Amino acid sequence: MLEFKALTKQFKNTVAVKPATFTIPDGQMVGIIGRSGAGKSTLLRMINRLNEPSGGQMLFQGRDITALKGRDLREWRNECAMVFQQFNLVGRLNVLTNVMSGRLFHHNFFSSMAGVFSEKERAFAIRALDRLGMAHVALQQTDTLSGGQMQRVAIARALVQEPRIMLADEPIASLDPLNAKVVMDALRAINQQDGLTVICNLHTLDTARQYCDRIIGMQEGVIVFDGTPKELTDKAAREIYGAEAEDAFSEAMTSTALRPGAQRAQPEVRVVN
Amino acid sequence: MASITTNTPANGSDKDPVSLFESHRRQMIRDRMVVNVTLGVLFIAFLLWSAWISRFTPDRLAAGLPRIMEYFGSVMPSLQWDVLFESRDEAGRFPPGSLGFWYNDFWKYIRLIWETIRMALTATLIGTGLAVILAFLAARNTTPAHWVGVAARRFLEFCRGVPEILFALVLVFAVGIGPLAGVIAIVIHATGALGKLSSEVVENASMRPVDGIKAVGGNWFEQMRYGILPQVMPNYTSYALWRFEINVRASAVVGFVGAGGIGAELSHVISFYSDDRVTAVLILIVLTVTMIDLLSERLRHALIGKESLK
């Protein structure tokens, strides 16, 4: 259980996230929606402390996450993996090494500096890649992949962390609809098969409705909606998106008419370079 | 289509976009002309001023140049064709005028040049290693703390600000005459120069992979090793090779103050003999430096070429 107690983030002149209090039970798939600049990313990045909260508290299974430092903080980051909009992989390393870097927390100084990974870790990484249909590019240099492939590699890296929570910061915003579907299906599968909590920032309403158990709507740093997809009426959505409402709706219609699991678009198109 | 060229402004010819642009352009050219002329005048003034201070006048030049020639004349070998390839006589000496006489100490020179190259190689390897670590500390985007960055940058400035020969002079006192003093002196200077260049490369690197490694629970060292190092490695290799060229020249010079290498021999033959041995050593140094320059340039271009293809 992840509890937020008046968690706040303030930048110099603006309050990005106003005191937020809510609870996410284990195993839930949560979608955070809102227009750009609403504070979604800041909220998500506060969970693994890539952004430092300026006030309030965050508890995971009763442990105070906001107070963690040094090795404890890194252990927490290892426990809650993150997937980014721009994938944040190391382009000049091969895919396998990128995935294995998810194990870095468990390494000592010398083995990580020397880049030595065990056979077990390699096998683990290959299994994670295979699960996402990416094992065939394991030895390819990462920056030769397409965006959709990179995001799947990034999810594989997150998986080998054996996390308890998966954070996804706009995971499909840079992808075409087909790849967006593959990535969202993968996140949903991780949530349902592995029982991981998935917290996902999404730009488009439709995707959030299709994939998430619960939707949190943010507007100018304030949580203005918190409920099930059914409860999110068009009227409520319009309030979240304000002036951008028409854009959000039309975007939802054009770019992500996705149906989870309907016909699993497994990566049949394999790019072999 | 026709409207592009024949379009007349809706409200008066003074707002015609072409004439507006032309007058703006003329104004810019005029402004730039003023700046250029001012800079030109300043340049000539400074040139005359510095020539006056250093008394760089044509007559002094005319008087001095022949003396350079004169010196080189005195250190030229007097080779004679008939004995040029003569070998040692019964007493074990080469006849004067032969190549063997000129390069009597050939193997000693070669040993010293080899020592010079090894000094440069050692200094480059150690200097690059130190520079890589210091670059991560000095770069504004990767420094662990603001004050660490400031301290690292000042330290690098000091290292590259002081010439090798000064470090060598002090180190010869500290660790004694020999290559060790030279190697340390070159390491310090190379670290300063390479560290500065490398930290600029790091500052231009993408921070996204660093965020990625941070998010998996990696510490600062792992963020640098996995997030930054792969991005900057090709540049580092190229810089290290380029620095090796410079270090070969530097290690030939530090010998003048007793810090090992061929420089010591050059200094010795200049101050004690000033005869054909000076040219013997000089020619070998120039040959070595040229060869290493060409070799390293080839390697660097191969490296850069490979990179740009990707």
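Owing to the predicted nature of the structure, the values given are computational and were not obtained by experimental measurement.

Reading guide: rules and limits
- Residues numbered from 1 in each chain as written.
- Chains lettered and ligands numbered in written order.
- Predicted model: local features only at pLDDT ≥ 70, side-chain atom pairs only at ≥ 80, totals over all residues.
- Heavy atoms only, no water.
- Helix = DSSP H or I, 4+ residues; strand = E, 2+ residues; numbered from the N terminus.
- Rg over C-alpha atoms; globule rule 2.2 N^0.38 Å.
- Buried < 20%, exposed > 50% of the residue type's maximum accessible area, 1.4 Å probe, protein only.
- Areas by Shrake-Rupley, 256 points an atom, 1.4 Å probe, with all protein chains shown as cover.
- Lys, Arg positive; Asp, Glu negative; His and termini not counted.
- Charge placed at Lys NZ, Arg CZ, Asp CG, Glu CD.
- Expected span 1.5 Å × (residues − 1).
- Arc of directions from axis to C-beta.
- Contact = heavy atoms within 4.5 Å.
- Buried area = accessible area lost by both parts, 1.4 Å probe.
- Polar contact = N/O pair within 3.5 Å; in protein donor to acceptor, adjacent residues only side chain to side chain.
- Core = buried A, V, L, I, M, F, W, Y, C linked by side-chain atoms within 4.5 Å.
- Salt bridge = Lys/Arg side-chain N within 4 Å of Asp/Glu carboxyl O.

1. Observations regarding the overall build of chain B
Helix and strand content of chain B: 12 helices and 0 strands. For chain B, the α and β elements follow one another from N to C terminus as α-α-α-α-α-α-α-α-α-α-α-α. Scaling as 2.2 N^0.38, a compact globule of 310 residues should have a C-alpha radius of gyration of about 19 Å, whereas chain B reaches 29 Å, well beyond that. Each principal axis of the C-alpha atoms in chain B carries an extent, and together these give about 105 × 65 × 40 Å. By residue count, 38% of the 310 residues in chain B fall in the buried class. Accessible surface, chain B: about 18900 Å² in total, of which carbon and sulfur atoms supply 69%. Seen as two clouds, the 28 positive and the 25 negative side-chain charges of chain B have centres 8 Å apart.

2. Let's talk about helix H5 (residues 119–131) of chain A
All names here are of chain A. Between the first and last C-alpha of H5 there are 18 Å, a value that for 13 residues agrees with the 18 Å anticipated at 1.5 Å per step. Among all positions in H5, only Glu121, Ala125, Ala128 and Leu129 are buried. Burial along H5 is one-sided: seen end-on, the buried residues are contained in an arc of 100 degrees. Exposed residues lying more than 90 degrees from the buried face of H5 are Glu119, Lys120, Arg127 and Asp130. On its buried side, H5 packs onto helix H3 (95–100) and helix H6 (147–160). A positive phi of about 70 degrees marks Gly133, the residue just after H5.

3. Focus: helix H1 (residues 40–47) of chain A
All names here are of chain A. With 7 of 8 residues buried, H1 lies mostly within the body of the structure. Within the sequence span of H1, burial applies to Lys40, Thr42, Leu43, Leu44, Arg45, Met46 and Ile47. A positive backbone phi angle near 60 degrees is found at Arg49, which sits one or two residues after H1.

4. Remarks on the interface of chain B and chain A
The partner chain A presents 30 residues to the 21 residues of chain B that form the contact. Taken over both partners, the interface formed by chain B and chain A buries close to 2100 Å², and the fraction arising from carbon and sulfur atoms is 59%. Taken together, chain B and chain A are joined by 6 residue pairs in polar contact (both at pLDDT 80 or more). Elements with a contribution of two residues or more to the side of chain B that touches chain A: helix H9 (208–215) and helix H10 (220–253) of chain B. Sort the elements by how many residues they give to the side of chain B that touches chain A and H10 of chain B lands first, with 8 residues.

5. Considering the nonpolar core
Formed by 57 residues in total, the largest nonpolar core has its most connected members in Ile33, Ile155, Met166, Leu187 and Leu232 of chain A. Here this core gets 8 residues from one element, more than from any other, and that element is H6 of chain A. When residues no more than four places from it in sequence are discounted, the contact partners of Ile155 of chain A are Val83, Leu132, Met166, Val183, Ala186, Leu187 and Ile190 of chain A. Residues Phe4, Met58 and Met218 of chain A together with Ala215 of chain B belong to the second largest nonpolar core, which totals 31 residues.

6. Observations concerning the side chain of Glu115 of chain B
Residue and element names in this part refer to chain B. Checked against the element boundaries, Glu115 lands in helix H5 (residues 106–138). Arg111 provides the closest opposite charge to the buried, salt-bridge-free Glu115, at an N-O distance of 4.5 Å. Only 2.8 Å separates the side chain of Glu115 from the backbone nitrogen of Gly261, close enough to count as a polar contact. Not counting residues within four places of it along the chain, the set of residues in contact with Glu115 comprises Pro179, Gly260 and Gly261.

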